[in-house]
Every structure is written in structure tokens, then in C-alpha cells.
Amino acid sequence: MSLMIDCVAKKFERYPALRGISLEVSKGAFLALLGPSGSGKTTLLRILGGLEFADLGQITFENQNWLSIPARERRAGFVFQHYALFRHMTVARNVAFGLEVRSRRTRPSRAEIRRRVDELLALVQLEGYGDRYPSRLSGGQRQRVALARALAIEPRMLLLDEPFGALDAKVRKELRGWLRTLHDRLGLTSIFVTHDQEEALETADLVAVMNEGKVEQIGRPDELRHAPATPFVAEFINSGKSQTADRPRLSVVNL
Amino acid sequence: MSVAALVYRNPTQESRATRLALTVLAIGFVALFLLLPLVSVFANGLANGISGARAALSNSDTLSSVRLTLIVAAIAVPCNVAFGIAAAWAIAKFDFRGKSILSTLIDIPFSVSPVVSGLVYVLMFGLQGWLGPWLRDHDIRIIFALPGIVLATMFVTFPFVARELVPLMIDQGRDEEEAAVSLGASGFKTFLFVTLPNVKWGLLYGVLLCNARAMGEFGAVSVVSGHIRGLTNTMPLHIEVLYNDYSYAAAFAVASLLAMLALVTLVLKSFLEWRFADEIAATHRH
Amino acid sequence: MSVATAPALTVRWHNKSALPGFGLTLGFTLFYLSAIVLVPLTALLIRPWSLGFQSFLAEIAAPRVVHALDLSFSASAIAAAINSVMGLLVAWVLVRYRFPLHRLVDAIIDLPFALPTAVAGIALSALYAQTGWIGAPLARAGLKVAYTPLGVVVALVFIGLPFVVRTIQPVLADAGREPEEAAATLGATRWQAFHRVVLPALAPALITGTGLAFARAVGEYGSVIFIAGNLPMRSEIAPLLIVIKLEEYDYAGAAAIGGVMLGLSFLMLFALNGVQAWMAARK
């Protein structure tokens, strides 16, 4: 197994965010962390990215003690929920950032950086957008810039926090298929966080259903669909089908 | 039917007469209490014509007061900028106990009388102060000398930059900095390339106000300066000396210089509030 | 397997963060804050007691000191009261009405923040002197402003106005007109809508702004001393008395008055923080 998460726990002020998470992910897998808000999925992702710190437990990645590596040396390509693009930099400068901040010894030449940026922009289908500022892009385009920026540092894994959360339904579907294809092309171990069960089941190879800081079940999408391990999983996985029934109804007050 | 019958009044609008009366009253008050004093500074400054003002300004005591004012601001403002940036980084980017107490403490100098601000340094470093005898034995002068003036100025201008940057950096969150770190940037590069460009207008706003106060401070500096002509008189103190000597025209000529500084500050401040409303702290957007 | 070796779940005083520089920036902040502000203020808080409590009281109870403190506080209170009314009016006009030179008038409100106090002081003094632009007509009417307590009030009105205007302005702008529209649809007159709906909503901001103006006025020095005339027992303000005591090398006396003023300004700071907490709670 390439990524091993062992008994990871994390407590904020009072409430526990993670109560002993254990997961094993093989190299090149596409894993979805699925759960309602407050289930701890984003906290786990941020711990993997080095942005948050576990109180207990261990994470091993490619036989390295992952938690002992500081965020800036981890090369965990992190794509933020709201993209966190540098708003005063052009798209090209955003993508180049991770290369330009390297120490002079390891920094590629300027021409090499430009070549890599062009390559990445082509990969995310944003050729010709290099000189724009993030504020002039659509949500889907920003998402792809964020992805290109994360890929520029040749990440060892890819971590995506609600990658489609802020997008409208149509773009969301398109980007989902595109991300799946990209993952298959790059072969990077990728983990994404979502609260949308349809998104998780249709995009990922492996889905970990989380609830209140614990993993309820981990399995392939068909396993979750056909053999839910707990009532929570059964209900959460099936809630998509009855989504229309959940809409609040207008009630009329009779005077 | 007359046309007038169709003119309705907006239900949340006062009558035309009320609006006019209130506007005239407000503008009149502002003109009388704020604008007129400003106008009178320039009018009195030019009482002896441009050449008179120029002669007053080229006096050697005046020139040395200008020089001292510039030196004091050149030391105090950068120190407070460094402090403001450090405080804003610590408060906005991290969670720790006592954060709100720290924020309150930073604002203290704003609620202390300028005279008291000077007094505290006299009590520390003056001849009868805590460290007075020791300083005298080692021949170090703080009170009635440049260091005291700088310290008093630092005290009264202490919160300006921090108070501008803290809310702005809290507003902007930590996402971009976290992204920079996860892309491999060091702390210094993260600040220089990511944080600083995002807060530069807010920083400039704070520096502007800090500088205006540093150059114009009177009460605190007056207590620690000793009023030694040509040596420890800043421009505001020199104005007082000239005024008390009945050199009104000269006093107002120097005052005109400081008033121009105030006007430049106001123009730049209004410009920043108008042009970069999103990039300065929310409290100044109007 | 590693549960035993991992750090225990202790409560830390700060959350560990991925961003660097916490120790450095907080350390520098605390050092600079202590060196410039906290330690010197402590010197002031300790100094008056070096005389003993009795002499401290005697120092404070001296008629000249009592009068100076009384003048500082009562003139500030009157100026703050004037500013609360005029500041509300100016803020209302600036937010609600459009007129020529609107931006200019708005910018000028900040003049007292930007204009050095000594400049304001000599300007006001020249304006209100018996030969001045305003002083001359007032003198003919039998009203003397410069070199009287009234002059002190005039200077404090100048210095305090922006505090009230700038505190009310954003609150009034954010409030919107909906509550007033609601009041209108419920049959309220314009005046009723103002004093029953608008004014209560503005009250916390008005109190805060007036409090800030008052606090600033109590300690004000530069803009007052030129116009006040500084006659002991008549138009001498407390900050000036501190300066006079220092010039006489009476450190203990200066520290006693300074300590009282500092204590009172901290009280006001706490009170204002309370009002602000109340404002935040009402949002």
C-alpha cells in the first residue's frame, strides 16, 4: 500500500474532528472522502496536505513518515475549495509560483518555467489565458488554474477540497469527467473531498464514507451501493435518489 | 386635474425644504468649524506675501526644525511599520490565547493623552526618572534630545499601521498563504510575493496616517523636547515658539507647510478610499 | 500502533499552523509593545505612589488641579454633546443627500485627524481672538471666546467632530431604508420613523462616537492651549498643568495628574468596549 493512514485523531478547541481514522490507499488510486459537513473529511485532507496537524496517529506515504515532512516540502498538490488563486498575479504567474519560489539552486531556468507553464495550461485547456487575472475567469476556469498550479510542482499526490463545490451543475458534470480522464492520464494518487454522493460514486475508484470523525465504510462504488455496511451509509448513499422529496414544501397558514 | 397632484413624495424622503435646511446647516457647520481654520492658516501665512513667507521659512531655526521633523518621522514610521506588519501577521494568520487582549493593548496609545504619552518617558528617562541617574552617569541623553522625541512619536503613532493591517489581513483569510506554503514557498517569500501585494494599499493608508501624525505631533513631543531652539524643536514646537514670540506671520508660514502636508494626506487618503476600497480595511469604505 | 508514542491531547495555548513565523512575529510584537507602551505606562502607574497615598491625594485635591480636571472634563462633555448632535446631522446629510462638492465635504471631515494640533490651535486662536474673523463680530455682540473656557469648548468641538461622523456614517449607510419603509407603511410620520426606528438603530454608534470624541477631548493639548489663554483657576486644562509641573521638575505632581487621567481614560476605554460588544451582539 502506498498511503497508510493509521489511527489519526484531531481535536479542535472542544469537539473532536477526527476520532481515529485508518485508511489504506494503493498507488494511483482515485479516492473520494464522502460525508456530510462536519464529518471531518476536509480536516483529514488538510492533515494530508500539511496544513493541519494530527494530535494522534501516523501517516506513511511511499515508506516515508508523511507527518514529519513540513507542508512546504511535501509536494502534496493541494487544490483549495475556493481555489486560493493569488489574485494579484496573472494566470501564468500563478502556475509558475511553485517553481519560482524554489531556491536558486533547484529553480528551473526562466525559459524552462515558461515552457512548463504553457504545457500545463494546455493540459488544463487554458492555452492563451496566461496573461489574464483570476478575477476575469469563470469558476470552472479558476478551478483548472488551481489544478495546473498544483501540478506545476510535480506533486507526489493530488488533494482536492470540494473541487466542484462552487460550480454550477452543468460545469460540474463536465469537469468531473475531465478530472477523471486527467487522473487516468497522470496516474497520481488523488484524494478529493465531497459531500455529494453522486459525484463520489461516479468519479472515484474508492469511496470512504465519513461521519462524525470516523470512516463508516470504505469500498468501491458498487460495494457501497449494494452492500452498505451501516445504516448511515445506506441512508447517505441513497439520499440522492430521493433528493426531490427533500425539498421544503410551502405551507399555507390558514387564518 | 393639475399636474402637481401627481407628484408624490418618496415615503422615506424628507420634504425638499427640510432637506435643504439640513444640508445648509451641516455644510455651514463644517465650513465654519473645519474649513475656516484651515483657510485662516494659509491667509495668515501669506499675510506678508509669498516673499515674506519664504523669508520666514528660510530662517535657520526653521530649517533645522524641518530637518528634525523629517528625521523623527524617518525613524518612527518604519519602526511602527515593522511592528504593524509583525502584529498583523501574528494576529491574522494564527489562533492563540490572548489574541483579543493583544488587540486591545495595541490600541492603548490612542486613548492616552499626548501629554501623558510624553510624561511616561520623562518618568522613565528623565533626571528624576527610573533610569535617570544611570543614564546621567553614562552620559546618555534621551529626554531633551532626539531619542526622547523619537520614542514619544513612536508611542503616539504606535497603533496606526497595525490597526489598518490587522482587520484587512483577517478579512483576507489564510487560503492564499496556505496555498503558497503548499507550493513550497518559504515564510519570507510567502509574505513578500503573496501577502504584501494583497495588503499594499492598506499598508500605504496606514503609513500615510502614521506619517501625518508623526510629523504633526505636538503634545507628547513638547513634554520630552526641552524646546531647545535649532536643536530639539520639531516643526509643531517651532510654531509654538514663534507664536509665543509674537512672530505670527512666521508661525503661520511654518503652519502652512504642515497644513499642506495635512491636505496632501487627506487627498491621498480619499483617493485610496475611493480607488482601492476593496483593498483597505472595511471600516474606511464609505 | 503508534497511539502511545504520539503527543497527548493536551490543551495548547495556540493551534499549530502550517504558516511560518508565529514565534518571530508574536515575539517582536510583544517586545515592541512592552518596550514602547507597557513598561513606560507602568512607570506612570507606579510613580505617584512613591509619595505615599496621603501626598497623592493632597496633590490631586489641590484647588488648581481640581479646577483643571473639572474644566477638562466638563468642557469635553459639552463639546461631545455638541458633536453628538452636529455629527449626527453631518453624517445624515452625507449619507442620505447628494449635493455639489459632496466628496470634498466628506474629505474635509477628516481634517482634524490630519491637521497637526498646534496648527489647529494657532488657527483657532487667530480666528476667535477679538480681532479675528469670527472673534471680532462675536466681541461686538458681547461674547468673548478666545482666552475663556468657551474657547476650550470650541477647540474640542473641532477636534471631536470626525469621531462622531465617522462612527455613524458606515452604520447609517449599511442600515438601508427598509425599516423606514416599513414604518411608513405602518402609518408613521417621517419624524416618528426617524426617532422611533432610525435613532434607536444608530444609538450604539452614536454613543461610541460621542464617547471617542469625549475621550480624545479630555486629553487634548495642542489645539486647546493657544485659544484657552491658560489662566490658572479659569481656563487652564489638566494636560497643561502636567506640562507646567514637569517644567518645575515636580515629577510626582505631574505623575499624579497623569495617573488620574490615564485611569479615567482606561475606564472610558472599557466602557466603550462594552458598548461595542453590545453593538456586535445586536447585529
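Note that this is a predicted model, so its numbers are computed, not measured.

Caption draft 1: Representation of the overall build of chain A within the structure. Each helix and strand in chain A was counted, giving 10 helices and 10 strands. Oriented by its inertia axes, the alpha-carbon framework of chain A measures out at about 65 × 50 × 35 Å. When contacts within chain A are restricted to residue pairs at least 6 apart in sequence, long-range pairs at least 24 apart make up 66% of them. When the accessible surface of chain A is split by element, carbon and sulfur atoms take 48% of a total near 12,600 Å². Put simply, chain A has 38 plus and 30 minus side-chain charges, and the middle of one group is 6 Å from the middle of the other.

Caption draft 2: Molecular detail of the sheet that holds strand β4 (residues 56-61) of chain A. Residues and elements named next belong to chain A. In spatial order, the strands read β2-β1-β4-β5; together these four strands make up an open sheet with antiparallel pairing. On the outer flanks of this sheet lie β2 (16-25) and β5 (64-65), each paired with one strand and no other. Pairing analysis gives seven bridges linking strand β1 (residues 3-11) to β2, with the strands arranged antiparallel. Note that in β2 the partner of Lys11 across the bridge is Pro16.

Caption draft 3: Inspection of the pattern of salt bridges at higher detail. For the structure shown, the criterion picks out 39 salt bridges over all chains. For B:Glu178, the salt bridge goes to A:Arg46, with nearest N and O atoms at 2.7 Å. Pair noted here: B:Glu178 is in helix α9 (residues 175-182) and A:Arg46 is in helix α1 (residues 41-49), and the two residues belong to different chains. Owing to a relative accessible area of 16%, A:Arg46 belongs among the buried residues under this scheme. Here A:Arg180 makes a salt bridge to A:Asp205, at a shortest N to O gap of 2.7 Å.

Caption draft 4: The arrangement of the sheet that holds strand β10 (residues 214-219) of chain A in detail. All names here are of chain A. An order of β6-β7-β8-β3-β9-β10 is seen for the six strands of this open sheet, with the pairing classed as mixed. The sheet is open, and its two borders are formed by β6 (76-79) and β10, each paired with just one other strand. Adjacent strand axes in the sheet meet at a mean angle of 15 degrees, parallel and antiparallel pairs treated alike. For strand β7 (residues 157-161) and strand β8 (residues 189-194), the ladder comprises five bridges, and the chain directions are parallel. What sits directly across from Met157, in β8, is Thr189.

Caption draft 5: Broad picture of the domain arrangement of chain B. Residue and element names in this part refer to chain B. With domains assigned, chain B is organised as domain 1 (13-45) and domain 2 (49-279). Between the C-alpha centres of domain 1 and domain 2 the distance comes to 31 Å. Between domain 1 and domain 2, the residue contacts involve six residues of the former and nine residues of the latter. When the buried surface of domain 1 facing domain 2 is broken down by residue, Val41, Phe42 and Gly45 rank first, second and third, together holding 68% of it. Across the domain 1-domain 2 interface, the total number found is zero salt bridges. For the pair domain 1 and domain 2, the interface holds zero residue pairs in polar contact (both at pLDDT 80 or more). The class makeup of the residues in the side of domain 1 that touches domain 2 is three nonpolar, three polar and no charged.

Caption draft 6: Examining the interface of chain C and chain B more closely. Facing the 90 residues of chain C at the interface are 90 residues of chain B. Around 8,200 Å² of area is buried between chain C and chain B when both sides are counted, 78% of it from carbon and sulfur atoms. Applying the counting rule to chain C against chain B returns 11 residue pairs in polar contact (both at pLDDT 80 or more).

Criteria and thresholds
All chains use their own residue numbering, which begins from 1 and follows the written sequence. Chain A is the first chain written and ligand 1 is the first ligand written, with later ones labelled in order. It should be noted that, the model being predicted, local features are given only for residues of pLDDT at least 70 and side-chain atom pairs only at 80 or more, the latter also being counted only at that level, while totals for whole chains, interfaces and linings use all residues. Side-chain numbers come from the whole structure's heavy atoms, not from hydrogens or water. Only runs of H or I of at least four residues qualify as helices and only runs of E of at least two qualify as strands under DSSP, and these elements are numbered from the N terminus. Should any heavy atoms of two residues lie within 4.5 Å, those residues are considered in contact. Only the protein chains shown count as cover for residues, with accessible areas throughout obtained via the Shrake-Rupley method and a probe of 1.4 Å. Working convention for charge: Lys and Arg count positive, Asp and Glu count negative, and His plus the chain ends are omitted. Charge placement uses NZ in Lys and CZ in Arg. For Asp and Glu, CG and CD serve respectively. Here a strand pair is declared whenever DSSP counts at least two bridges between the two strands. Salt bridge, as used here, is a side-chain nitrogen of Lys or Arg placed within 4 Å of a carboxyl oxygen of Asp or Glu. Note on classification: 1.4 Å probe, protein chains only; a residue is buried when its accessible area is under 20% of the maximum for its type, exposed when over 50%, partly exposed between these limits. Helix axes are fitted only over the stretch in contact, all axes being lines through C-alpha atoms; the angle between N-to-C directions runs from 0 to 180 degrees. Domain start and stop positions are those given by an automatic or database domain assignment. In this description, buried area is defined as the sum, over both parts, of the accessible area (probe of 1.4 Å) that is lost when the two are combined. Distance and chemistry together define a polar contact, namely a pair of N or O atoms within 3.5 Å, with one atom able to donate a hydrogen and the other to accept it when in protein, and with adjacent residues in sequence counting only for side-chain atoms on both sides. Only Asp, Glu, Lys and Arg are considered charged in this grouping, and only Ala, Val, Leu, Ile, Met, Phe, Trp, Tyr, Cys and Pro are considered nonpolar; every other residue, Gly among them, is considered polar.

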